[in-house]
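The residues making up each chain are set out below.
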Amino acid sequence: LERSEVLATTSHGNAYQFVRGQVDPEATIIAIGGGKGGIGKSFVSSSLGIFLANMGHETYIVDLDLGGANLHTTLGEGAARIGINEFLADSSLTLPDIAVPTAFPNLKLISGASEQMDVADINDFQRTRLMSSLFKLKTKFIVLDLSAGTHHTTLDFFLMATHKMVVFTPEPSSIENAYRFLKSAFYRKIRRYEAQLELTSVVNDLMAHREKLNLKSPADLLKHILSRDPENGMKLQQMLSELNFEILLNQVRTLKDVDLGPSIQGVCTKYFGIPFSYLGHVEYDNAVWQALRKRRHLLYEYPHSRVYAQMMNITRRLAAAQPRRAVVL
Amino acid sequence: MSGRRADESSYYEILEIDPSASGREVHMAYMRAKETYSPESPALYTMFTPDEARQLLKMIDEAFSVLSNQMKRQEYDLTLARKGHPSFSGLLKNAQPEKLEPRVQRAKPNLAAAPRPPRVELSVKKGRC
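Residues numbered from 1 in each chain as written. Chains lettered and ligands numbered in written order. Predicted model: local features only at pLDDT ≥ 70, side-chain atom pairs only at ≥ 80, totals over all residues. Heavy atoms only, no water.

**Overview of the overall build of chain A**
- The helix and strand tally for chain A stands at 15 helices and eight strands.
- Here chain A, with 329 residues, has 55% of them falling under the buried criterion.
- Of the contacts formed within chain A by residues at least 6 apart in sequence, a portion of 76% connects residues at least 24 apart.
- For chain A, the exposed area adds up to about 13,900 Å²; of that, 49% sits on carbon and sulfur atoms. (Helix = DSSP H or I, 4+ residues; strand = E, 2+ residues; numbered from the N terminus. Buried < 20%, exposed > 50% of the residue type's maximum accessible area, 1.4 Å probe, protein only. Contact = heavy atoms within 4.5 Å. Areas by Shrake-Rupley, 256 points an atom, 1.4 Å probe, with all protein chains shown as cover.)

This is the structure:
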């Protein structure tokens with residue numbers, strides 16, 4: 001597949017060399033998304049970054065919540081004087097140029113904080129340059145802290161990652177938003193793949209008759225594509241199976257909440273028709289905001305908490321997993 | 001959830017288990033699925049309507065009733081093999097249906113005929129511990 005051809009020209013008509021597509025990223029990229037604000041994405045991102053760095057891995061943590069960047073505060077750091085905004089404005093800058101060291105050895109922060117009001121609206125060219133730079137960044141791990149919502153930029157950063165982690169909390173609004181986030185990401189990926197596999201007409205035809213065909217979920221859509229075009233349908237199914245979304249349940253309060261994680265995994269698998277992984281749960285702990293108020297990270301302020309152990313186990317699982325090819329485009 | 005999917009998914013897929021799953025694994029998967037697709041489960045929110053969840057529960061009960069019964073499961077596996085299911089293709093190649101042995105043949109001990117072990121009387125010494 002000539003994946004690089006698909007996005008070879010941006011909306012600006014600028015042609016440039018892509019390093020994405022079938023090219024593996026230099027680092028293992030972990031993206032943390034979730035659809036809703038306040039569910040602990042920044043806490044999970046910062047904890048992963050600290051633990052990975054503490055394990056001896058050179059790690060970059062990138063604040064991609066460009067409209068409301070505050071990862072530096074979660075890490076107990078001050079606002080960085082340079083960040084993504086400067087990188088986007090000056091094409092001579094590289095990501096290591098804008099990365100600032102943190103109090104944690106091996107951990108560097110690429111801040112998204114900016115006084116500029118329109119930094120959240122980056123164009124296609126800027127987005128692709130940033131993604132390509134992340135792919136080329138020579139390090140062991142990159143942790144991407146994504147913004148809430150289902151903006152295309154957020155979805156693209158999520159889909160470029162080796163590990164695509166979705167954070168849920170047991171609240172219905174969080175579950176609803178996380179499902180919406182997953183659906184948006186899934187359909188964005190299908191749209192990309194169907195063009196490569198020349199399945200656009202098949203998908204459009206199926207979607208036009210979805211009521212008649214009783215298409216209610218992506219799993220139904222995949223089955224119909226398979227029956228219409230078995231060869232390309234199999235390829236599409238294989239490519240989608242490699243997405244391997246990972247689920248983390250945060251702010252768990254009761255034993256019943258604990259059971260919710262595997263249930264969400266089961267529902268997602270059945271609904272989307274592709275495998276999902278469940279990474280585990282992290283309990284709700286008042287110590288998180290108490291540490292935040294002190295502007296110190298929980299992992300250093302309360303190292304004997306259960307949250308510490310739970311986050312460490314999740315990080316170990318991710319660090320031990322064999323890096324899979326990140327499929328982009 | 002459409003009826004079509006009920007026809008196409010195997011009972012193993014419905015319970016999300018491997019075809020070689022043990023009886024205990026079948027039971028555990030059934031309990032988990034019942035919990036997941038119960039009407040009050042928050043995991044279903046916005047993904048499946050109550051009607052779809054009811055249909056799923058019906059399919060889950062049906063799958064469990066077959067897979068938890070040794071004879072029914074054996075017959076079902078043969079049906080899947082005849083339909084060309086890749087996980088069961090070996091069943092038709094290696095054995096004739098009428099000669100198939102039950103999946104698990106464990107000799108049940110005849111407890112009535114077996115000699116009873118001598119009764120051990122527990123004696124407690126009185127005194128200070």
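**Brief notes about the confidence of the model for chain B**
All names here are of chain B.
- In this model, chain B carries a mean pLDDT of 77, and residues with pLDDT of at least 70 account for 62%.
- Taken element by element, the predicted model of chain B shows its lowest mean pLDDT in helix α1 (residues 3–8) (42) and its highest in helix α3 (residues 23–36) (94).
- Per-residue pLDDT stays below 50 along residues 1–7; that stretch engages in 18 contacts with residues further than four places along the chain or on separate chains.
- The ipTM, which scores confidence in the relative placement of chains, is 0.74 for this predicted complex, and the corresponding pTM is 0.80. (pLDDT = per-residue confidence, 0-100.)

**Here's the deal with the sheet that holds strand β7 (residues 245–252) of chain A**
Residue and element names in this part refer to chain A.
- The sheet built from eight strands is open, its strands ordered β3-β4-β2-β5-β1-β6-β7-β8 with mixed pairing. If you trace the sheet from one side to the other, it starts and ends with β3 (100–101) and β8 (276–283), each paired once.
- Packed on one face of the sheet, helix α1 (residues 41–54) meets β1 (28–33), β2 (59–63), β4 (107–110), β5 (141–145), β6 (163–168) and β7 and runs near 170 degrees to β5. (Pairing = 2+ DSSP bridges. Axes fitted to C-alpha atoms, helices over the stretch in contact; angles between N-to-C directions.)

**Here's the deal with a nonpolar patch on the surface**
- Side chains of A:Tyr284, A:Trp289 and A:Leu292 sit close together on the surface and give an oily, nonpolar patch of about 280 Å² of accessible area.
- The partly exposed category is assigned to A:Trp289, whose relative accessible area is 40%. (Patch = residues over 30% accessible without salt bridge, like charges linked within 9 Å, V, L, I, M, F, W, Y side chains within 5 Å. Salt bridge = Lys/Arg side-chain N within 4 Å of Asp/Glu carboxyl O.)

**Examining the interface of chain B and chain A**
- Facing 22 residues of chain B, the contacting portion of chain A comprises 23 residues.
- Interface of chain B and chain A: buried area, both sides summed, is about 1,900 Å²; carbon and sulfur atoms make up 56% of it.
- Along the contact surface separating chain B from chain A lie three salt bridges.
- The interface formed by chain B and chain A includes five residue pairs in polar contact (both at pLDDT 80 or more).
- Secondary-structure elements contributing two or more residues to the side of chain B that touches chain A are α1, α2 (11–14), α3 and α4 (50–67) of chain B.
- When its residues are assigned to classes, the side of chain B that touches chain A shows 10 nonpolar, four polar and eight charged. (Buried area = accessible area lost by both parts, 1.4 Å probe. Polar contact = N/O pair within 3.5 Å; in protein donor to acceptor, adjacent residues only side chain to side chain. Nonpolar A, V, L, I, M, F, W, Y, C, P; charged D, E, K, R; others polar.)

**Structural notes on the environment of A:His152**
Residue and element names in this part refer to chain A.
- Note on placement: His 152 falls in helix α6 (residues 152–159).
- His 152 gets classed as partly exposed once you look at its relative accessible area, which sits at 44%.
- His 152 sits 88 residues away from Leu 64 along the chain, and the two C-alpha atoms are 13 Å apart.
- Sequence-distant contacts of His 152, that is, excluding residues within four places in its chain, are made with Arg 127 and Arg 188.

**Regarding the pairing of β1(A)**
Residue and element names in this part refer to chain A.
- The element β1 is extensively covered by neighbouring structure, given that six of its six residues are classed as buried.
- The alternating pattern of β1 places Thr 28, Ile 30 and Ile 32 and Ile 29, Ala 31 and Gly 33 on opposite faces, both of which are buried.
- Relative to β5, β1 is paired through five bridges, and the arrangement is parallel. Across the sheet, the residue bridging to Ile 29 is Ile 142, located in β5.
- With four bridges connecting them, β1 and β6 associate as parallel partners. The residue of β6 that forms the bridge with Ile 30 is His 163.

**What about the environment of A:Arg188?**
Residues and elements named next belong to chain A.
- Tracing the sequence through the fold places Arg 188 in helix α7 (residues 172–196).
- Arg 188 sits 30 residues away from Phe 158 along the chain, and the two C-alpha atoms are 11 Å apart.
- With residues up to four places along the chain from it excluded, the contact list for Arg 188 reads Arg 127, His 152, Leu 155, Asp 156 and Leu 159.

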